[in-house]
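Each chain, letter by letter, is given below.
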Amino acid sequence: MEKDFIIAGFGGQGVLLAGEVLANAFMIDEKNVTWYPSYGAEMRGGTVKCSVSMADEEVSAVQKNSADFVTVLNQASFDKYISWVKKGGSIIVNSSLAAIKKTREDINYVFVPITKLAHEKLGNIKMSNILALGVLSRVSKLISLETLEKAINNVIPEHRKALIPLNIKALKLGYEYDLLSV
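The notes below deal with the structure included here.

1. Looking at the sheet that holds strand β5 (residues 85-94)
Here comes step 1: In space, the 6 strands of this open sheet follow the order β2-β3-β1-β4-β5-β6, with mixed pairing throughout. The open sheet terminates on both sides in strands that have one partner only, identified here as β2 (32-39) and β6 (108-112). Between one strand axis and the next, the sheet turns by 15 degrees as a mean value, whatever way the strands run.
Here comes step 2: This element, helix α1 (residues 15-28), spans β1 (2-10), β2 and β3 (47-55) of the sheet and lies at about 5 degrees to β3.

2. Some words on the nonpolar core
Here comes step 1: Residues Phe-5, Val-21, Leu-22, Leu-131, Leu-133 and Ile-152 are the most contacted members of the largest nonpolar core, which totals 42 residues.
Here comes step 2: When residues of this core are traced back to their parent elements, those giving at least two are β1, α1, β3, β6, α3 (114-122), α4 (128-140), α5 (145-155) and α6 (164-176).
Here comes step 3: Those residues in contact with Phe-5 that sit more than four places away from it in its chain are Leu-22, Phe-26, Cys-50, Ser-51, Val-52, Met-54, Ala-67, Phe-69, Leu-136, Ser-140 and Leu-142.
Here comes step 4: Core analysis: the next-biggest nonpolar cluster, separate from the first, contains 15 residues, Val-70, Tyr-81, Ile-82 and Phe-111 among them.

3. Points about the packing of aromatic side chains
Here comes step 1: A complete count under the given rule lists 4 aromatic pairs for this structure.
Here comes step 2: An angle of 40 degrees between the planes, with centres 5.4 Å apart, marks the rings of Phe-5 and Phe-26 as tilted. With Phe-5 in strand β1 and Phe-26 in helix α1, this pair connects stretches of sequence that are 21 residues apart. Of the two residues, Phe-5 and Phe-26, both sit in the buried class.
Here comes step 3: Plain terms: the ring middles of Phe-5 and Phe-69 are 5.4 Å apart, the flat faces sit at 15 degrees to each other, and that makes the pair stacked. Here Phe-5 is found in strand β1, whereas its partner Phe-69 is found in strand β4 (residues 67-72), with 64 residues between them in sequence.
Here comes step 4: A relative accessible area of 11% means that Phe-69 is categorised as buried.
Here comes step 5: Taken together, the ring pairs connect Phe-5, Phe-26 and Phe-69 into an aromatic cluster.

4. Concerning the pairing of β6
Here comes step 1: Judged by how many residues are buried, β6 sits mostly within the fold: 4 of 5 residues are covered.
Here comes step 2: Taken together, the 5 bridges between β5 and β6 define a ladder with parallel strand orientation. Among the inter-strand pairings, Ile-91 is bridged to a residue of β6, identified as Tyr-109.

5. Structural notes on the environment of Tyr-81
Here comes step 1: By secondary structure assignment, the location of Tyr-81 is in helix α2 (residues 75-81).
Here comes step 2: A C-alpha to C-alpha distance of 9.4 Å links Tyr-81 and Ala-67, two positions 14 residues apart in sequence.
Here comes step 3: Apart from the residues lying within four places of it in its own chain, the contact partners of Tyr-81 are Ala-8, Lys-49, Val-70 and Val-72.

6. Looking at the packing of α4 against α6
Here comes step 1: Between α4 and α6, the shortest axis-to-axis distance is 6 Å and the interhelical angle comes to 40 degrees. Considering the angle they form, α4 stands oblique to α6. Of the two possible hands of crossing, α4 and α6 adopt the one that is right-handed. On the side of α4, the interface is formed by Ile-130, Leu-131, Leu-133, Gly-134, Val-135, Ser-137 and Arg-138, while α6 contributes Asn-167, Ala-170, Leu-171, Leu-173, Gly-174, Tyr-175 and Glu-176.
Here comes step 2: By residue class, the composition of the contact of α4 with α6 is 8 nonpolar, 4 polar and 2 charged.

What counts as what
- Residues numbered from 1 in each chain as written.
- Predicted model: local features only at pLDDT ≥ 70, side-chain atom pairs only at ≥ 80, totals over all residues.
- Heavy atoms only, no water.
- Pairing = 2+ DSSP bridges.
- Helix = DSSP H or I, 4+ residues; strand = E, 2+ residues; numbered from the N terminus.
- Axes fitted to C-alpha atoms, helices over the stretch in contact; angles between N-to-C directions.
- Contact = heavy atoms within 4.5 Å.
- Core = buried A, V, L, I, M, F, W, Y, C linked by side-chain atoms within 4.5 Å.
- Buried < 20%, exposed > 50% of the residue type's maximum accessible area, 1.4 Å probe, protein only.
- Phe/Tyr/Trp six-rings, centres within 6.5 Å; stacked < 30°, edge-to-face > 60°.
- Parallel < 35°, antiparallel > 145°, perpendicular 65-115°, else oblique.
- Left-handed = near helix turned anticlockwise from the far one by under 90°.
- Nonpolar A, V, L, I, M, F, W, Y, C, P; charged D, E, K, R; others polar.

Right, here's the structure in full:
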């Protein structure tokens, strides 16, 4: 089984960190993994995307132009990557920064006000990326919260270790969000 993931947003939203945490979590689960970051020269504020591929066997390719699960944190990423969702796949949309609209009939939409939740429940919009991973964990059913928690501990740099409890809280908030309310 091979599954492909895209996480996209603008620079400064922690897209690459979220992808690194996801890739690390799959490695903890002894999967074969690729993590491929892509960003413009402008960095903060510019478009950022990372692709993660996970497989039981060898991963077929590093860079792909479609994914089973696409997570977008802003409108520009929604507009750009909606066509990359494989038929029957899912797109997780940060409805705080992207319109709630369904332009395709062959995919599953999950709209969650990720930035709003991070601000109101955690007091820090910089937790939006990890909150989105919690939603992704629940939607994909391919990675557990416990494994993602271990990955957060592995990936967060030493000078940011004090933020791990808040990251874990964000992860759980995303996982436990009532997806039926959107």
